[in-house]
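Here is how the chains run, residue by residue.
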Amino acid sequence: MKKATKLFPLYFIFFIFSVSLGLESQAQTAKISGKVIDATNNEPLPFANVLVKGTTVGTTTDFDGGFVITGLQPGFVTLQATYVGYKNAESAEIQLSNAKAEYVEIKMENAGVALEEVEVKANPFVRTEESPLSLQKLGVSEIETSPGSNRDISRVIQSLPGVGSGVSFRNDIIIRGGGPSEAVFYLDGVQIPTINHFATQGSSGGAVGILNADFISSVDFYSGAFPANRGNSLSGIFEFTQKEGNKEKTRFRGAVGASEISLTLDGPVGEKSSFIFSVRRSYLQFLFDVIGLPFLPTFNDYQLKWKTRFDKKNELTIVSIGALDQFRLNTGIENPTEDQEYILNFLPVNEQWSYAIGAVYKHFKDNSFQTLVVSRNMLNNTSYKYPENDESRPKSLNYESQEIENKIRFENNIRWGSYKFVYSLGGQHAHYFNATQQQLFVGNELIDIDYESNLDLLSAGASAQISKNFIDDRLTLSAGLRTDFNNYSSSMGNPLNQLSPRFSASYALSEKWAVTANSGRYYQLPAYTTLGFRANNGVLVNKENELKYIAANHFIAGLQYIPRSDIFFSLEGFYKQYSDYPFSINDSISLANKGADFGVLGAEEVVSNNKGRAYGFELLNRSKLPSGFNLILSYTFVRSEFEDYTEELIPSSWDFRNIIVLTATKNFKRNWIAGIKWRYDGGLPYTPYDLQKSALIPAWDAQNAPYFDYGQLNQLRLDPYHQLDVRVDKKYFFEKWSLMVYVDIQNLYNFKATLQDNIVREKDANGNFITVDNNTKYVLRGIENTSGTVLPTIGIMVEF
Amino acid sequence: MKRYSVLILLSALFATVALTACKQTERSTKLPEVSQEIFKPFGEDGMTLQIDFAKGEAHNYPSLAIWIEDTEGEVIQTLFITKSVATGFYAYGDAGNGKWLKEPGAAKRPASLPYWLHRRELAKVGNAPLPSLQNPVPDAYTGATPAESFALKTIPFEPMPTKFKLLVEVNQPWDWNEYWNNARFEGDPNYSSSAQPSLVYAVNIDLSDDFTVYHLNPIGHGHYAGADGKLYSNISTLTTALNIFDSITLHLSE
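Computed from a predicted model, the values in this text were never measured in an experiment.

A. Inspection of the overall build of chain B at higher detail. For chain B, the helix and strand inventory stands at four helices and 15 strands. When each of the 254 residues of chain B is scored for burial, the buried share is 50%. For chain B, contacts bridging at least 24 residues in sequence account for 72% of all contacts bridging at least 6. Here chain B displays about 11,900 Å² of accessible surface, and carbon together with sulfur accounts for 52% of that area.

B. Region of the structure containing the overall build of chain A. Along the backbone of chain A there are 10 helices and 47 strands. By principal-axis analysis of the C-alpha atoms, chain A measures approximately 90 × 70 × 45 Å. Every one of the 800 residues in chain A was classed for burial, and the buried ones make up 60%. Sequence separation of 24 or more characterises 67% of the internal contacts of chain A that already satisfy a separation of 6 or more. When the accessible surface of chain A is totalled, it reaches about 30,800 Å², and 57% of it is carbon and sulfur.

C. Quick look at the sheet that holds strand E15 (residues 245–253) of chain B. All names here are of chain B. As summarised here, the arrangement of the five strands in space is E1-E10-E2-E15-E13, forming an open sheet in which the pairing is mixed. Of all strands in the sheet, those with a lone pairing partner are strand E1 (36–41) and strand E13 (213–215), marking the two edges. Strand-to-strand twist in this sheet, taken as the mean axis angle between neighbours without regard to direction, amounts to 20 degrees. Pairing of E13 with E15 involves three bridges; the strand directions are antiparallel. Within the sheet, the bridge partner assigned to His-215 lies in E15 and is Thr-249.

D. Geometry of a negative patch on the surface. Residue and element names in this part refer to chain A. A cluster of acidic side chains, namely Glu-400, Asp-448, Asp-450 and Glu-452, defines a negative patch on the protein surface. The dominant element in the negative patch, judged by the number of residues it contributes, is strand E28 (residues 445–470), at three residues. One can find Asp-450 in strand E28.

E. Region of interest: the sheet that holds strand E9 (residues 102–108) of chain A. Residue and element names in this part refer to chain A. The strand order across the open sheet built from three strands is E4-E1-E9, with neighbouring strands paired in mixed fashion. Looking at the sheet topology across the chains shown, the edges are occupied by strand E4 (66–72) and E9. Each neighbouring strand pair of the sheet contributes to a mean axis angle of 25 degrees, computed without reference to strand direction.

F. How the structure looks around the environment of Asn150(A). Residues and elements named next belong to chain A. Positionally, Asn-150 belongs in the loop between helix H2 (140–144) and helix H3 (153–156). Looking at Asn-150, the relative accessible area reads 15%, which means it is buried. Considered as a pair, Asn-150 and Thr-789 are 639 residues apart in the sequence and their alpha carbons are 15 Å apart. Among residues more than four places away in sequence, those in contact with Asn-150 are Ala-258, Ser-259, Arg-727, Tyr-742, Asp-744, Gln-746 and Thr-793. Reaching out from Asn-150, the side chain makes a polar contact with the side chain of Tyr-742 at a distance of 2.5 Å.

G. Representation of the interface of chain B and chain A. Taken together, the contacts link 21 residues of chain B with 27 residues of chain A. Here chain B meets chain A over a buried area of about 2,200 Å², counting both sides, of which 55% is carbon and sulfur. Area buried by chain B at its contact with chain A is led by Tyr92(B), Lys102(B) and Trp174(B), which between them contribute 31% of it. The tally of links from chain B across to chain A stands at zero salt bridges. Seen at the junction of chain B and chain A, the total is 10 residue pairs in polar contact (both at pLDDT 80 or more). Counted by class, the side of chain B that touches chain A contains eight nonpolar, six polar and seven charged residues.

H. Structural context of the pairing of strand E47 (residues 791–799) of chain A. Residue and element names in this part refer to chain A. Bridging between strand E19 (residues 251–256) and E47 involves four bridges; their strand directions are antiparallel. If you follow Val-256 over to E47, its bridge partner there is Ile-796. As judged from the nine bridges shared by strand E42 (residues 738–746) and E47, these two strands associate in the antiparallel manner. In the sheet register, Val-741 faces E47, and the bridge partner there is Ile-796.

I. Region of interest: the environment of Asn380(A). Residue and element names in this part refer to chain A. Checked against the element boundaries, Asn-380 lands in strand E25 (residues 368–385). Classification of Asn-380 as buried rests on a relative accessible area of 8%. With 110 residues separating them along the chain, Asn-380 and Gly-270 place their C-alpha atoms 36 Å apart.

J. Structural context of the pattern of salt bridges. Residues and elements named next belong to chain A. Overall, the coordinates contain 53 salt bridges over all chains when judged by the stated rule. In this structure, Arg-151 engages Glu-144 in a salt bridge whose closest nitrogen and oxygen atoms are separated by 3.3 Å. Here the two residues Arg-151 and Glu-144 agree in accessibility, since each one is buried. A salt bridge links Arg-309 to Glu-244; its shortest N-O distance comes to 3.1 Å. With a gap of 65 residues between them, Arg-309 in strand E22 (residues 295–311) and Glu-244 in the loop between strand E18 (236–242) and E19 connect regions that are remote in the sequence. When its relative accessible area of 17% is taken as the criterion, Arg-309 is described as buried.

K. The arrangement of the nonpolar core in detail. Formed by 43 residues in total, the largest nonpolar core has its most connected members in Val36(A), Ile69(A), Leu79(A), Ile81(B) and Trp116(B). Aside from chain neighbours lying at most four places away, what touches Val36(A) is Glu43(A), Pro44(A), Leu45(A), Ala48(A), Val50(A), Thr61(A), Gly65(A), Phe67(A), Ala81(A), Ile106(A) and Met108(A). Within the second largest apolar cluster, 37 residues are counted, among which are Phe42(B), Phe53(B), Ile66(B) and Ala241(B).

Reading the values: the criteria
Residues numbered from 1 in each chain as written. Chains lettered and ligands numbered in written order. Predicted model: local features only at pLDDT ≥ 70, side-chain atom pairs only at ≥ 80, totals over all residues. Heavy atoms only, no water. Helix = DSSP H or I, 4+ residues; strand = E, 2+ residues; numbered from the N terminus. Buried < 20%, exposed > 50% of the residue type's maximum accessible area, 1.4 Å probe, protein only. Contact = heavy atoms within 4.5 Å. Areas by Shrake-Rupley, 256 points an atom, 1.4 Å probe, with all protein chains shown as cover. Pairing = 2+ DSSP bridges. Axes fitted to C-alpha atoms, helices over the stretch in contact; angles between N-to-C directions. Patch = residues over 30% accessible without salt bridge, like charges linked within 9 Å, V, L, I, M, F, W, Y side chains within 5 Å. Salt bridge = Lys/Arg side-chain N within 4 Å of Asp/Glu carboxyl O. Lys, Arg positive; Asp, Glu negative; His and termini not counted. Charge placed at Lys NZ, Arg CZ, Asp CG, Glu CD. Polar contact = N/O pair within 3.5 Å; in protein donor to acceptor, adjacent residues only side chain to side chain. Buried area = accessible area lost by both parts, 1.4 Å probe. Nonpolar A, V, L, I, M, F, W, Y, C, P; charged D, E, K, R; others polar. Core = buried A, V, L, I, M, F, W, Y, C linked by side-chain atoms within 4.5 Å.

None of the figures reported here should be taken as evidence of function without further support.
This is the structure:
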């Protein structure tokens, strides 16, 4: 019976595919319409040529820049546009079906040449003047069919070059040896504080992505060479571009995945507006309960995009996302195993809700466009723990925190011939609240943390960047300057202390070869948890400690080879130099080593005196061949080192050394897609436990988990981790509706990653914890801790 | 299947209408409001023909030819021809390779109004099949097709015979549909500049009747690439092309 139960998923997969083989598409009549416009002034471009990439099927735009292409095969397509005097351009990748017409805008950049054909080869790996290297783009096919990602954007971006993933059950984003708190996220130009459910406050990671894959059209990922109008990041910037609602009719998409059900609705509103809205709810709690996991999370989220084009010169986009993360401990497990008991004993209940809403207004002039972004986001994070999960006892942890940000940003993008000039001004009001009651065992004593903190912070920033092409466009130079400041302290209030210059250059050695380089100094505000941390007497101790913006200097140089417009190779060397990183007073370690665990990062006393560096190189091949073969193969060698308490550089917790990611998908006939992803992460350093301290009864009881021996910070190293994921998609495009089914198997060969042992307290025959040394210590024992199992998933999506 | 049945029925209906076009009768329908009137008297006196074009929802810069034929199918006179077709000189010139200049220039578009072009050729009007700046269409009013509903008011050169035929051919690029899709004749530049083929409207007029108002109906379409001058009567594959104009109405007056 048990065997039959285990085999059920396989039976089900077989059933789904067997049934679906009997269904086949009735017609191949996909249609796409759209508009070709000038990227700077939004003017339509009449009589531009639009071609379906990889075919000779195409059309010409009408007098209003509009076009329609019909009779297409459903599936993923990219459109190419050519127009005299403009650089060739490609659309975002679009998924076509018979049931609905898609709409796409293709923005073309004026080449500054009036009447000549400009042969600038468009390719899907195109980069910008400001960021000629360290910029990667993911299209919709790479998102939708990414093996092992289960349509979770946060997981998809972990397949990008230079991104380390930490442990497999979390979505931390660790870029080129930086800490997981060093990335920022933009959704259609609106900054959002987190992209994950059950997010680690003050960091980037979490359990599951919030962003719904149905919305995402493309992802731009900067691992360096940040444009000046983007601040507050040391390691990475993610720009998510969302699809627009359908222009012709309201349509519906429902998806049932391994962990959640989602409903998406999109369509037109009048002639000028469209919307796309989705809600999702997970049913992980049922699955987790069935397989006996000690925690039962439930996540809910919504996502909205509204776009109104008042006329060709004015448009408004409103985006919003929100998440509600509920959580309870599975205390009903009968006879829990040691692992289950360990987790139940230390894991606090963590519940969150968050939202972000923003309006982006764009106004286009003849040679420029202006963008005004107004947004608000809020995170409410609570966490509590009852000793032994006994709710009749006082809580050993009671944490409540809120982060609210109200932002405004103005940007002006101007083109003067071959010059591009972008400047921005921004302001922000942030409110941070924290009420914490907790016992910590620091040094050799138990201390009570009991503080409440309210912090209001006013910040401002400004940037300017100028770019120009020289020598027949072979040489491109870009220089930018940015500063950010706030009223937290006099040091942070001086804009000259946070001057952030950046410079990029690219030179085309030939049609196929180019060299690129970038250097920049970047600043990031420490987490609100750190800024707002108060001692029990209410003093903002980190303000007293003259907390500073964290700084990083980047030096990057690259070589790229593009033998064809659909094949791209690059080699990039990078060196990042960190300074003023917060250094934990309690633990005597850099906060750069923390942040990839559930809970809160940075709510402690720190000083801004830590230094570090990350360096290495990255080898990348991306191919998007007309045959439907899509490849991302990257090898990253990275060393990440931060100073320990003796100011000696030692490997940080993100010193992966070697990261290999191979993602390959192939489109086959009859709308089959198969793909694999193989990932290899070098073993990460870890810190052994201080078992002497951990065994002390008050120490253990304070956190129900062992303490690290930070005197031996990162002196041990885990074994490398690798995993193979496979995925098969089958799509059915009927006249009125579409059915998409996929099977995704994570960790096909069942690799077990060995993690640091869990520590449990020994019990006697009666189930009581054994104590020694006059009842001052528990007896501790390590139990093996592995992660990784074969995880098959079936996803079903219906669209009509 | 249901959809195709409707299309077949519609085709049959249109074919019937085409065959009986000569029996059109006056209808006292509300006349379209026109925002522009073009008055072009070729003759000094005679019957005035006013042709009202009511813009349809698919109207998107169409090319247009209006002409009259006798009952034998001989062209009597072209009354109106879109200037770009009449001169072979378009707002966006041909840059070669299927691409377009950003400035006006010459271009050959045999698929724009092929039925009229071949009727004209048969009538030996002009010296070449395709008009050009050097060989423009003579004796017709030429101008841009109005962007809104309009009326052409004209007095032909010659007095009209008792029975004659008024024809209109209209075409616009960009109007791809499921049948006339971009991949149908992949790589054919003439087809690419036409999308759905030209649509021909006609009505037979018998001045011995006392009718003063005639409605034109579609009778067929031209060749998709302008390769011949045949009239293809199956217009069931046309969709938005049928909505370039909501109605075309002829008013006769002395």
